[in-house]
Amino acid sequence: MAAVPDAEVVAGGTAYILNTLLFLIGGFLVMWMAAGFAMLEAGLVRSKNTSTQCIKNIGLYSIAGLMFWVIGYSIAYPGFAEGSLGLFGVSGFPYEMQAVGAADTETGYSVASDWFFQMVFCATTASIVSGTVAERVKIVPFFIFVTVLTAVIYPVVVSWEWGGGYLDSVWGFSDFAGSTLVHSTGGWAALVGAIIIGARVGRYGPDGKVNVFPGANIPLATLGTFILWLGWFGFNGASQLAMGTVGDVSDVSKIFVNTNMAAAGGVVVAIILTQVLYKKADVTMALNGALAGLVSITAEPLAPSVGQSILIGGVGGVIVVFAVPMLDKFKIDDVVGAIPVHLIAGIWGTLIVAWTGDATFVGQLVGVLLTAVWVSLASAVVWLALKYTIGVRPSEEDEVNGLDRAEIGVEAYPEFARS
Amino acid sequence: MAAVPDAEVVAGGTAYILNTLLFLIGGFLVMWMAAGFAMLEAGLVRSKNTSTQCIKNIGLYSIAGLMFWVIGYSIAYPGFAEGSLGLFGVSGFPYEMQAVGAADTETGYSVASDWFFQMVFCATTASIVSGTVAERVKIVPFFIFVTVLTAVIYPVVVSWEWGGGYLDSVWGFSDFAGSTLVHSTGGWAALVGAIIIGARVGRYGPDGKVNVFPGANIPLATLGTFILWLGWFGFNGASQLAMGTVGDVSDVSKIFVNTNMAAAGGVVVAIILTQVLYKKADVTMALNGALAGLVSITAEPLAPSVGQSILIGGVGGVIVVFAVPMLDKFKIDDVVGAIPVHLIAGIWGTLIVAWTGDATFVGQLVGVLLTAVWVSLASAVVWLALKYTIGVRPSEEDEVNGLDRAEIGVEAYPEFARS
Amino acid sequence: MAAVPDAEVVAGGTAYILNTLLFLIGGFLVMWMAAGFAMLEAGLVRSKNTSTQCIKNIGLYSIAGLMFWVIGYSIAYPGFAEGSLGLFGVSGFPYEMQAVGAADTETGYSVASDWFFQMVFCATTASIVSGTVAERVKIVPFFIFVTVLTAVIYPVVVSWEWGGGYLDSVWGFSDFAGSTLVHSTGGWAALVGAIIIGARVGRYGPDGKVNVFPGANIPLATLGTFILWLGWFGFNGASQLAMGTVGDVSDVSKIFVNTNMAAAGGVVVAIILTQVLYKKADVTMALNGALAGLVSITAEPLAPSVGQSILIGGVGGVIVVFAVPMLDKFKIDDVVGAIPVHLIAGIWGTLIVAWTGDATFVGQLVGVLLTAVWVSLASAVVWLALKYTIGVRPSEEDEVNGLDRAEIGVEAYPEFARS
Amino acid sequence: MKFIIAIIKPFKLDEVREALGSIGVAGMTVSEVKGFGRQKGQTEIYRGAEYSTNMLPKVKLEIAASDDIAAQVVETIQQTANTEAIGDGKIFVLDLASATRIRTGESGETAL
Amino acid sequence: MKFIIAIIKPFKLDEVREALGSIGVAGMTVSEVKGFGRQKGQTEIYRGAEYSTNMLPKVKLEIAASDDIAAQVVETIQQTANTEAIGDGKIFVLDLASATRIRTGESGETAL
Amino acid sequence: MKFIIAIIKPFKLDEVREALGSIGVAGMTVSEVKGFGRQKGQTEIYRGAEYSTNMLPKVKLEIAASDDIAAQVVETIQQTANTEAIGDGKIFVLDLASATRIRTGESGETAL
Ligand SMILES: Nc1ncnc2c1ncn2[C@@H]1O[C@H](COP(=O)(O)OP(=O)(O)O)[C@@H](O)[C@H]1O
Ligand SMILES: Nc1ncnc2c1ncn2[C@@H]1O[C@H](COP(=O)(O)OP(=O)(O)O)[C@@H](O)[C@H]1O
Ligand SMILES: Nc1ncnc2c1ncn2[C@@H]1O[C@H](COP(=O)(O)OP(=O)(O)O)[C@@H](O)[C@H]1O
């Protein structure tokens, strides 16, 4: 393919507009993922907790937006001082958007569009947590946790890498669109939450018996997965951060393809595996497979070939099929499978960049571990603090009757008889 | 921030393409809002009226498109003669789209893209009505009302402001994306409809008792709200009407942020208020809160700071929490809360522009009042005419059995037992 | 309208970016249609087959992506040799995407974006089949059929026209966005499948009685239809294949309008017809009407006037209202109405191009017939091979109990009592 | 004691419950059923094919009552649920051998 | 009079109803129930965890019938609902003390 | 034979079923019902309007049992379903005139 001739270079103003447009399109696509998580989770919980899951999702998306403006963005992009270790910093807050009609053409894009795009990533992190700890956390402590997660815990991780801090400058860590920064961060917060909060009442019987609580509405969960898949084109594609050159837009296109193929690989592998292992193809595993494929490719969706992308995503499918029951072995109750999908596949996706991308295995491992330590510790502190102050769980009776009655007062499907 | 240097100005052709693209993206996002209203309403009615609500929504969107082409656009943009009062006019109709390959570069955008963007706004207005008067209006009179609303009532309001008529030229009325033009217009038509049609059978008992008819499917209502939220980026963002300069695209970005934050404010306020007042966080109020926040910021989504946007949207949240039960006091039966969300928050959003934007309080008030008078009168005439000719309501028995049986013959959830 | 002055021509690099962007936006919109089919079908099957329908849809979309990369694209765009008949060819496979940062500026767009856009069309073809043969095909044979369809059957049809082969070069066949290539192809495969597989158990009683199996979830079907409608702006709009000139973007705008109006025409006609014929407006017919309108305009969404578009789409509405019961007369069991919508309206849409577009009636007819012969024969071979080897249908008992039990082990709505 | 089973039209439920309350019936158990009888469902057309829903939604009440008031219960239901239209439903009375309150274990009429 | 309660497999409902119609049963009340008995549900795997659905969907028919035809009703159901497979269901017969038609207030066998 | 109808709290179903199994009850039929009684539902606020759900979800068990074990069945249910809270439910016992197994046609106690 030819180098781009002079005449084909786009002018600065045009590039600025196109870069900004990429953020806006990517931004609204990732915003839409909030609906995807809401539907996925609403479909996989029992009907008595569905309204609660709905309010948690619209609430967390809102809180994430507010907190990322108040302080989150300023922690994520502190502008680390020359020579600082790059572990923590805060720039002026709340974040000052641009004035009307103003445009900082030096960045090459509108700062508000960038902020918007960054914000929706922050919200994604919180969505991950809500799925794992569903059906047994009261809404007030949940929203408090989300507030801390989106104001501080997540932004600190971002600052290490995308904010040019420690992981970026010292370790050359590479995480294109956030397999670790977003997905593992959400995953660790979810895992620690699941452990501290404990399993749902009746979930694990004596002698290792797992009581199955089937999701109440499979088409809703399917819809959620399709929404997330769609949103992921924004998530990964717009993480190219620029569309103002011929090369950039071509790379965005390649990212679209690789992202799609990794998800496809995850679906097909999950279907084949469950069909072979269990003689039936578990639809919830197929859905999780798509998401695990997507998370797996997120750390490096540009460099791999299509074949590699399918393989990377396919391994994501393997991960969910084996990790979902494994967590049950450890009595870690992950309602929607967010830990396999976001945490384990996120780690896998991050490490494999050592081969497909521009990173070292050690650098990637350091990134994974540092994130693990920080997010787990910080989350544990918050969850424990909540547990021993206002409490995180409803009474057992309230839990058995469903959070919708106890916390919301609005049943999700009031007219349909339960069988 | 720097002024835009010469080199960064984009060429005319590029600007034309980008402006048009903004209309197209904004247009499909707002089109998607039709699905949002459909899901919101399908979730908040009782299951026996759900199929009816579905056909009403897809039907009204279709009718709006047809009527806006036949005559609506020509009334909305009549090209008021110099010196005319700017109250009513009609240009040639049906609207002539451009020829294939033709492009009127003087406008700076494709006229078809503009028409499309305008049309979906018209459809939004009709969607608002369908929610309020749900569960008790037969489909034929409903569709006739929508025909008149989208052909005449709404376009006249548009002509006064966006069409350069009376409100614009005489009062300097300011309504960026339609808090009044779209949302209050829909709201007045809905309010008048609710009064003339009356409440659902059994809704209000003796001595002020309100009988609660819970919505049948809360996750569907949640999905609808997320769809509307997503669509609103197109609604407000593309109302910038141009993306062909660095300044314009930056403003679109700012609008995205403010729009999002107003909705977030509405959600958080509604959750906190219901939690405090009722000890439970009402998920339907949180959903309405998001929408009220969005409507509130729609009259001026660009000028406010982020903090102001949150506040403006937050007041929207207050409005729904108090106005929803207030309407019940007056026995005005608004099934989905469209009157608080679109009408009251629309008025609030319009008036507050006197502080945040470029408008006077009196000018804004005149706009609100003129719209109130025209839309209420015109709607009343149509609803009354329908009432006293073909009738608007089904028989009481049909209503009790559900419109799906009486009007559609297709149950929404035929397999699920009602409890 | 003025011709475009020199100054308004956009530079090559900018055009490349904008063309690519059109493919990307169109691509993600059409990808979203996969969710639309999933919801439409999940809503129209009985609840005992809903999980199966969900996995079929996410599975087929994944398989289509994989196969179109492995071989499909290479068959679709073989680069027919000068003088060849243009009936079959294969270029190098699997398809080689571009390298990172590379851009073949000679095409005027990123090849990966083009591949992505083509791939989602391929997936659409497979979605059509899944709806017709729902509720009675096991997932393994279904997925095998999809594999062959997306790897070979569909790509061959594409090669004849968009690949510059026989229909294009010899007959001047015209099919802008695929009324025949995509929709009729899917429709023939579905029809042949329906005939070979046979009707659902109990569907047709003795003496011509049709037993009605109502769809389990009408709002889901409505959502699916709205998703498809939205996606169609990408389907038809981005089939303009370019947005890098003022003329192209104007044409894309016109396509948006015509596409929308054809769907609106289909809806309104289906509502009026069922209201008049049956005294009730069948919501499922209204939904099918929208889709039939969309398919009808797809062969030529640019050339017609708005009025013509409404008419063309309106005839689509007529088609569904009459063809749906007609198929039942022939005991062809089409669960979601995909044959009227995609096949019959697809043929109608293709033929009418002889009047609205740049094609001859004979040329169009040849295209329709050649597609019919090839797709029917090839599909018949595959369905029959499956039938006489691994079998396509579950046991009667499994079918009566629902495929979700037999094939997936996960009920779609486990908590809701059936009535 | 009697065990009274009444099949009524769904929209009459609230009225019947109130009427029964006013004659001292403190409890009952309610379920959704489908009724098949003289009343025929409407003929509907779904996608062009006719079908008649001959199973109509009804509500079933089960009421355990002492012999004293059983007759009055039947009469009250009969009068309140009556719309003089076909399909109004039936009331069946069975003999009840024993009744037990789970909470207290008490049995007989005091358990009702 | 007898009050007949039959638990059958759901897919047999239409057949049974027709068979009963042909022997003159004009009405019945139908509901969805879950059955627990000798027939065990399949073992399913959901997200890697086994579970068996030992509650199986059944349909319950309630039919008030005159003493004359009660035996015939039972026989008809027994023969029509029979698939010779475990889980086919049961028929229970109770004595019915009285029956009342709500619409007319008439009672006894004419109310059926 | 007896026909035992028990109304219990839904979350007690599994426990009761196991307890009955251990005393030899091999089958039962279960359905979802709404209960109305002394136990009042919570007052909820929906969109600012109060309402109380006075119909509470309950589970109904129907068990045909031989006269021998009928008393034991009642006792077992009473003890297992008991939470000592209002609304625990009731157990009603009716005489069962006959029982038939559809599969085999056998009747009487062997049919249970
Ligand atoms: N023999 C019967 N046994 C049980 N239920 C019956 C019987 N006959 C009627 N029913 C119930 O009563 C309802 C009303 O009966 P129907 O014959 O339609 O009208 P009516 O009550 O006016 O005689 C039916 O829908 C059915 O639920
Ligand atoms: N003792 C019983 N009391 C009430 N219902 C019963 C009883 N035994 C069985 N049933 C009902 O009959 C159904 C079939 O019984 P089952 O033991 O599985 O097979 P079969 O009818 O062939 O003996 C059960 O699912 C249950 O609904
Ligand atoms: N007279 C009755 N007839 C039939 N069912 C009854 C009757 N009284 C109560 N029930 C059922 O028993 C349930 C519990 O009764 P309730 O009066 O609330 O509490 P308790 O069982 O503690 O006395 C009710 O919800 C209802 O389903």
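Residues numbered from 1 in each chain as written. Chains lettered and ligands numbered in written order. Predicted model: local features only at pLDDT ≥ 70, side-chain atom pairs only at ≥ 80, totals over all residues. Heavy atoms only, no water.

A.B. asks: Please explain the overall build of chain D as it appears in this structure.
C.D. replies: When you go through chain D residue by residue, the secondary structure sums to two helices and seven strands. For chain D, the succession of helices and strands along the chain, N to C, is β-α-β-β-β-β-α-β-β. Out of the 112 residues in chain D, the part that is buried amounts to 58%. By sequence separation, contacts in chain D at least 24 residues apart represent 73% of the contacts at least 6 residues apart. Counting only carbon and sulfur atoms, one obtains 47% of the accessible surface of chain D, whose full area is about 4,300 Å². Each charge class in chain D can be summarised by its mean position, and for the 13 positive and 15 negative side chains these summaries are 7 Å apart. (Helix = DSSP H or I, 4+ residues; strand = E, 2+ residues; numbered from the N terminus. Buried < 20%, exposed > 50% of the residue type's maximum accessible area, 1.4 Å probe, protein only. Contact = heavy atoms within 4.5 Å. Areas by Shrake-Rupley, 256 points an atom, 1.4 Å probe, with all protein chains shown as cover. Lys, Arg positive; Asp, Glu negative; His and termini not counted. Charge placed at Lys NZ, Arg CZ, Asp CG, Glu CD.)

A.B. asks: Got a minute to help me understand the site of ligand 2 in this structure?
C.D. replies: Ligand 2 sits among 21 residues. The nearest are R38 of chain E together with T29, A64, R101 and R103 of chain F. Surrounding ligand 2 are residues belonging to chains E and F, so the site spans chains. One of the backbone nitrogen or oxygen atoms of G87 of chain E is found 2.9 Å away from an oxygen atom of ligand 2. Here T29 of chain F contributes a side-chain N or O atom positioned 2.8 Å from an oxygen atom of ligand 2. When ligand 2 is considered free in solution it has 550 Å² of accessible area, and contact with the protein chains removes 99% of it. Ranked by the residues each element gives to the shell around ligand 2, the list is headed by strand β5 (residues 56–65) of chain F, at three residues. (Near = heavy atom within 4 Å. Polar contact = N/O pair within 3.5 Å; in protein donor to acceptor, adjacent residues only side chain to side chain.)

A.B. asks: I keep staring at the interface of chain C and chain A and nothing clicks. Help me out?
C.D. replies: Opposite the 67 residues of chain C that make contact, chain A presents 68 residues. Contact with chain A buries area across many residues of chain C, yet I17, I58 and E415 of chain C alone supply 14% of it, more than any other trio. Where chain C packs against chain A, one counts zero salt bridges. Sorting the residues of the side of chain C that touches chain A by element identifies α1 (12–44), α2 (50–76), α3 (111–132), α4 (139–161), α7 (218–237) and α14 (403–408) of chain C as the ones contributing at least two each. Take the side of chain C that touches chain A: its biggest share by element is 18 residues, from α1 of chain C. Counted by class, the side of chain C that touches chain A contains 46 nonpolar, 16 polar and five charged residues. (Buried area = accessible area lost by both parts, 1.4 Å probe. Salt bridge = Lys/Arg side-chain N within 4 Å of Asp/Glu carboxyl O. Nonpolar A, V, L, I, M, F, W, Y, C, P; charged D, E, K, R; others polar.)

A.B. asks: How should I be thinking about the packing of helix α10 (residues 306–329) of chain B against helix α11 (residues 338–351) of chain B in this particular structure?
C.D. replies: Packed helices, taken two at a time, are described by the angle between their axes plus the distance between the axes. Residue and element names in this part refer to chain B. Relative to each other, α10 and α11 sit at 130°, their axes nearing to 9 Å. Our classification of the angle between α10 and α11 gives oblique. Relative to α11, the crossing made by α10 is right-handed. Contacts between α10 and α11 involve I312, V315, G316, I319, V320, A323, V324 and L327 from the former and I339, P340, V341, I344, A345 and W348 from the latter. Grouping the amino acids of the contact of α10 with α11 by side-chain chemistry returns 13 nonpolar, one polar and no charged. (Axes fitted to C-alpha atoms, helices over the stretch in contact; angles between N-to-C directions. Parallel < 35°, antiparallel > 145°, perpendicular 65-115°, else oblique. Left-handed = near helix turned anticlockwise from the far one by under 90°.)

A.B. asks: When you look at the relation of the copies chain C and chain A in this model, what are you seeing that I'm missing?
C.D. replies: The operation relating the two chain copies consists of a rotation about an axis and a shift along that axis. Structural alignment of chain C on chain A gives an RMSD of 0.0 Å, achieved by rotating through 120° and translating 0.0 Å along the axis. One copy is carried onto the other by what is essentially a three-fold rotation axis. Closest approach to the rotation axis within chain C is made by the C-alpha atom of A417 of chain C, at a distance of 3.3 Å. A share of only 16% of interface residues in chain C that are also interface residues in chain A marks the association as one of differing surfaces. (Least-squares fit on C-alpha atoms with pLDDT ≥ 70 in both.)

A.B. asks: How should the site of ligand 3 be read in this particular structure?
C.D. replies: Taken together, 21 residues form the shell around ligand 3, and within it T29, R101 and R103 of chain D together with R38 and G87 of chain F come nearest. Near ligand 3, the surrounding residues belong to chains D and F. In the environment of ligand 3, a nitrogen atom lies 3.3 Å from a nitrogen or oxygen atom belonging to the backbone of G27 of chain D. Within the contact set of ligand 3, an oxygen atom lies 2.8 Å away from a side-chain nitrogen or oxygen of T29 of chain D. Here ligand 3, which alone exposes 550 Å², has 99% of that area covered by the protein. Top element by residues in the shell around ligand 3 is strand β5 (residues 56–65) of chain D. It accounts for three residues. The residue makeup of the shell around ligand 3, split by class, is seven nonpolar, seven polar and seven charged.

A.B. asks: Would you take a moment to explain the arrangement of the chains for this structure?
C.D. replies: No part of chain B reaches chain E; the closest C-alpha pair between them is 9 Å apart. Contact between chain C and chain F is absent, and the least distance between their C-alpha atoms amounts to 9 Å.

A.B. asks: Would you mind going over the packing of aromatic side chains with me for this structure?
C.D. replies: Geometry of an aromatic ring pair is reported as the spacing of the ring centres plus the angle between the planes. Following the criterion strictly, the structure yields 67 aromatic pairs over all chains and no others. Through pairs of rings, three or more aromatic residues link up here, namely F23, Y109, F117, F121, W162, W232 and F235 of chain A. Sitting above the plane of the F142 of chain B ring, K56 of chain B keeps its charged end 5.2 Å from the centroid. The ring of F213 of chain B is capped by R203 of chain B, whose NZ or CZ atom sits 6.0 Å from the centre of that ring. (Phe/Tyr/Trp six-rings, centres within 6.5 Å; stacked < 30°, edge-to-face > 60°. Lys NZ or Arg CZ within 6 Å of the ring centre and 35° of its normal.)

A.B. asks: Got a minute to help me understand the pairing of strand β1 (residues 2–8) of chain F in this structure?
C.D. replies: Note on strand geometry: in a regular strand, side chains alternate between the two faces of the sheet. Residue and element names in this part refer to chain F. Extensive coverage of β1 is indicated by the burial of six of its seven residues. Strand direction decides the pairing type here: β1 and β5, joined by seven bridges, are antiparallel. Paired with A6 across the strands is L61, a residue of β5. As judged from the six bridges shared by β1 and strand β6 (residues 90–95), these two strands associate in the antiparallel manner. Residue pairing in the sheet places I5 in a bridge with F92 of β6. (Pairing = 2+ DSSP bridges.)

A.B. asks: Can you help me understand the pairing of strand β3 (residues 43–46) of chain E in this one?
C.D. replies: Residue and element names in this part refer to chain E. Here β3 shows a clear split, with E44 and Y46 buried on one side and none of T43 and I45 buried on the other. With four bridges connecting them, β3 and strand β4 (residues 49–52) associate as antiparallel partners. Bridge pairing in β4 links E44 to Y51. Between β3 and β4, which follow one another and run antiparallel, lie two residues, and R47 among them has a positive phi close to 55°.

A.B. asks: Which parts of the structure should I look at to understand unusual backbone geometry?
C.D. replies: Residues apart from glycine generally show negative phi values, whereas peptide bonds are mostly found in trans. Cis geometry marks the peptide bond from F93 of chain B to P94 of chain B; its omega dihedral reads -10°. Non-glycine residue K331 of chain B carries a positive phi angle of around 55°. Summarising the element assignment, K331 of chain B is placed in the loop between α10 and α11. Positive phi, close to 60°, is recorded for E84 of chain D, a residue that is not glycine.

A.B. asks: So what exactly am I meant to see when it comes to the environment of A76 of chain A here?
C.D. replies: Residues and elements named next belong to chain A. Assignment of secondary structure puts A76 in helix α2 (residues 50–76). Along the sequence, A76 and D175 sit 99 residues apart, while their C-alpha atoms lie 15 Å from each other. Ignoring anything within four residues of it in the chain, the contact list for A76 reads P155, V158, S159 and G163.

A.B. asks: What should I look at first to understand the interface of chain B and chain D in this one?
C.D. replies: Quite often, the size of an interface is put as the accessible area lost when its parts meet. Taken together, the contact pairs six residues of chain B with nine residues of chain D. Between chain B and chain D, roughly 650 Å² of surface is buried when both sides are summed, and carbon and sulfur atoms account for 47% of that area. Remark: the boundary between chain B and chain D carries zero salt bridges. In this structure, the connection of chain B to chain D is made through zero residue pairs in polar contact (both at pLDDT 80 or more). Among the residues forming the side of chain B that touches chain D, the class breakdown is two nonpolar, two polar and two charged.

A.B. asks: When you look at helix α2 (residues 67–80) of chain E in this model, what are you seeing that I'm missing?
C.D. replies: Along its 14 residues, α2 of chain E runs 21 Å from first to last C-alpha, staying within 8% of the 20 Å computed at 1.5 Å per residue. Buried residues along α2 of chain E sit against β1 (2–8), α1 (13–22), β5 (56–65) and β6 (90–95) of chain E together with β7 (98–101) of chain F. (Expected span 1.5 Å × (residues − 1).)

Keep in mind that these numbers describe shape and distance, not what the molecule does.
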